[in-house]
Amino acid sequence: MARSEYDITTAFQRIEDELIASMIRNMDRHRAEETAEGYEWSMWQTEQLKALEKYKRDNQKKYQKQFRNLNTQIEDLIREARRKGGMDQEIQILEAIKKGWEAPPRQKMTGEFFRLNNRKLEALIEATVKDMKKAETAILRKANDDYRKAIFDAQVYANSGAGTYEKAVDMATKDMLSRGLNCVEYSNGARHTLPDYADMAIRTANKRAYLQGEGEKRQEWDIHTVIMAKRGNPCPKCLPFVGKVLIDDVWSNGSGSGNKGTDPETGKKYPLMSYAISKGLYHPRCKDSHTTYFPGISSADDTWTQKELEDIGLQNQQEAQQQYAERQKEKYERLSEYSLDTENKEQWEKRARLQQKNRGKKVFITEQAIEKVRVIKINELTSENNVFVQETHKELLKFAKDKNDSNEVACIVNMLENKRTNFVKGERHGVDVDSDPDVYHLLRTAKPRSLILCHNHPGLTDFSANDINVFMRYATIKVMTIVTNQGGVKYILKNEKFNYKETIELMKKCKAENNDDRGKSIEQFLKECHLVGIEAK
């Protein structure tokens, strides 16, 4: 099965975690000897520098092959995005023809057309992979540099009164653990980790390849007008263009001069896509998108009410707060996991729990959040299933907003019939699906793995222990989804390799390795559940 953007980013995150863990293990294993006069730092530094040389050689050998495999998967992902873009656009054009759009004669594409577009795709792949290779080299170099810096800084901190060996090493590694291995520097001077950069680069390249696939299909049908989708929470840079019709001179071979082009079918003038991009549209990690504008069939609306603009502002503010809380939580969890001193571990763990609590604060649902809900491609479900799940998520958030004070709400979708039950109201931190007679009956009588349990999380948190318990307990449940109160969607799915007994054993293992800490146990379980046939996205 081809990896997704999420899978590849997770693989890079695992590599960063391994590099840091290996470094800290070396410092824990080869400790400075304490004498009556203090620690023998010179001997310790000599030993650590030897360990550093081995660390460099081992990492170079271990990760070069992994990087090559990941880069190949990135290439495949980009090619698939272009193919899917073309296929989806063909379907959209044929649907418009059914609705009455009078399509111009389809263009007969020459060999040069395909060669030109193939060259564009190859250039995109080459640039993306080349930049990824630079970043992959940079993370190994950064790990070496941070290791060497910690070796010498530990003695400095010890001499300044750090006290124990553990405290001195913790002080020497604190900066690295706070930020991660931030090996990539952007043009504005900001530094980012490899997983963060990979997420940005892969998503951006995939989107461009998908848009290229769409544009090539529009060229074949000789249509060049597009409309920016008016979604619930547009990026501030993209807001001026959302809902507007544009002439696509970037991917669909539209033409114009200056900032505007003319639609040959209607004679109307519209802004050029290239102009919009120059003003910030489709920036890295942009979530906005466009679709084909068919004159006489499509409608355009680029107006915003004051209430909509206020909701957008509130939504952006809530998202920024939640993202900050998530970054802080990751920072303190790293410090807690890799600190050697017991007191430091406890201090960072308390801060991580506080950030988790901040992330779990209730977010009130807005109309913009409801509009933001997208179709998620859930493996093993049909496209009709996925669209129905999107509609259900929107209805669920609307119900929670209007009738349950933005608290939890759940329902069951029968994926064989694309029908759902009534919504079941819950509280701030949970919903009892068995409290509804229809849901209770359906969970126990439906065909195995034929149901989707949909619910919202007011605090934007991940799957809870109770969620996973319900998911595993009922053989009738195939998929469980969370739609957050900001419109994001996550899911877990039982694939053909799902094994109930092995899943129970994995949960026991996660609890044992995390001293029954519920949050850490669930986090580890979601990272490792693919081993027992559960996909978590």
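Before reading on, note that the structure itself is shown above.
My aim in this report is to walk through the structure given alongside it, one point at a time. Note that this is a predicted model, so its numbers are computed, not measured.

With that settled, consider the sheet that holds strand β7 (residues 256-257). Across the sheet, which stays open at both edges, the 3 strands sit in the order β7-β8-β9 with antiparallel pairing between neighbours. Every interior strand has two partners, whereas the edge strands, β7 and β9 (269-271), have only one. As paired elements, β7 and strand β8 (residues 260-262) share 2 bridges and run antiparallel to each other. Bridged to Ser257 within β8 is Lys260.

All right, on to the side chain of Asn182 then. Here Asn182 is to be found in the loop between α4 (165-179) and β3 (184-185). Owing to a relative accessible area of 10%, Asn182 belongs among the buried residues under this scheme. In this structure the side chain of Asn182 is engaged in a polar contact, spanning 3.2 Å, whose partner is the side chain of Arg179. In contact with Asn182, not counting residues within four places along its chain, are Lys142, Arg191, His192 and Thr193.

Attention now goes to the sheet that holds strand β5 (residues 225-228). The sheet built from 3 strands is open, its strands ordered β6-β5-β10 with antiparallel pairing. Strand pairing shows two members of the sheet lacking a second neighbour, β6 (245-247) and β10 (290-292), which therefore form its edges. Direction aside, the axes of adjacent strands within the sheet are offset by 40 degrees on average. Of the pairings in the sheet, the one linking β5 to β10 comprises 3 bridges and is antiparallel in character. The residue of β10 that forms the bridge with Ile227 is Thr291. In the packing of helix α5 (residues 194-220) onto the sheet, contacts are made with β5 and β10, and the angle to β10 comes to roughly 20 degrees.

At their nearest, the axes of helix α1 (residues 5-29) and α5 sit 8 Å apart, and the two run at 160 degrees to each other. Comparing their axes, α5 and α1 come out roughly antiparallel. Along this stretch, α1 crosses α5, giving a crossing that reads as right-handed. From α1, Glu5, Ile8, Thr9, Phe12, Gln13 and Glu16 reach across to α5, where they touch Leu194, Pro195, Ala198, Asp199, Ile202, Arg203 and Asn206. Per-class residue counts for the contact of α1 with α5 are 6 nonpolar, 3 polar and 4 charged.

Moving on, we come to the environment of Leu309. Take Leu309: it is sitting in helix α7 (residues 306-338). Put simply, Leu309 and Glu80 are 229 residues apart on the chain and 36 Å apart in space, counted from C-alpha to C-alpha. Residues in contact with Leu309, not counting those within four places in the same chain, are Leu239 and Trp304.

For the rest of this paragraph, the subject is the environment of Phe423. Position of Phe423 among the secondary structure elements: in the loop between β12 (419-420) and β13 (424-425). Taking the C-alpha atoms as reference, Phe423 lies 49 Å from Ser187; in sequence the two are 236 residues apart. Not counting the four nearest positions on each side in its chain, Phe423 is found in contact with Thr392, Glu395, Leu396, Phe399, Val409, Ala410 and Cys411.

With their axes 8 Å apart at the nearest point, α4 and α7 run at an angle of 140 degrees to one another. As summarised for this structure, α4 and α7 are arranged oblique, according to the angle between their axes. Classified by chirality, the crossing of α7 by α4 is right-handed. Here α4 contributes Lys174, Leu177, Ser178 and Arg179 to the contact with α7, which in turn contributes Lys331, Arg334, Leu335 and Tyr338. Among the residues forming the contact of α4 with α7, the class breakdown is 3 nonpolar, 1 polar and 4 charged.

Quick look at the packing of aromatic side chains now. Within the structure shown, the criterion is met by 11 aromatic pairs. Ring geometry for Phe12 and Phe67: centres 6.3 Å apart, planes at 25 degrees, overall stacked. Here Phe67 lies in helix α2 (residues 41-98) and Phe12 lies in helix α1, a separation of 55 residues in the sequence. The pair Phe12 / Phe67 is uniform in exposure class, with both members buried. Both rings, one in Trp44 and one in Tyr165, keep their centres 5.9 Å apart while their planes meet at 80 degrees; by these two values the pair is edge-to-face. Within this pair, whereas Trp44 is found in helix α2, its partner Tyr165 is found in helix α4, the two being separated by 121 residues in sequence. Overall, the relative accessible area of 2% leaves Tyr165 in the buried class. Linked through ring pairs, Phe12, Tyr63 and Phe67 together constitute an aromatic cluster. Above the ring of Phe471, the side-chain terminus of Lys494 is found at 4.9 Å from the ring centroid. Across from the ring centre of Phe498, 5.3 Å away, lies the NZ or CZ of Lys494, which sits over that ring.

The rules behind these values
Residues numbered from 1 in each chain as written. Predicted model: local features only at pLDDT ≥ 70, side-chain atom pairs only at ≥ 80, totals over all residues. Heavy atoms only, no water. Pairing = 2+ DSSP bridges. Helix = DSSP H or I, 4+ residues; strand = E, 2+ residues; numbered from the N terminus. Buried < 20%, exposed > 50% of the residue type's maximum accessible area, 1.4 Å probe, protein only. Polar contact = N/O pair within 3.5 Å; in protein donor to acceptor, adjacent residues only side chain to side chain. Contact = heavy atoms within 4.5 Å. Axes fitted to C-alpha atoms, helices over the stretch in contact; angles between N-to-C directions. Parallel < 35°, antiparallel > 145°, perpendicular 65-115°, else oblique. Left-handed = near helix turned anticlockwise from the far one by under 90°. Nonpolar A, V, L, I, M, F, W, Y, C, P; charged D, E, K, R; others polar. Phe/Tyr/Trp six-rings, centres within 6.5 Å; stacked < 30°, edge-to-face > 60°. Lys NZ or Arg CZ within 6 Å of the ring centre and 35° of its normal.

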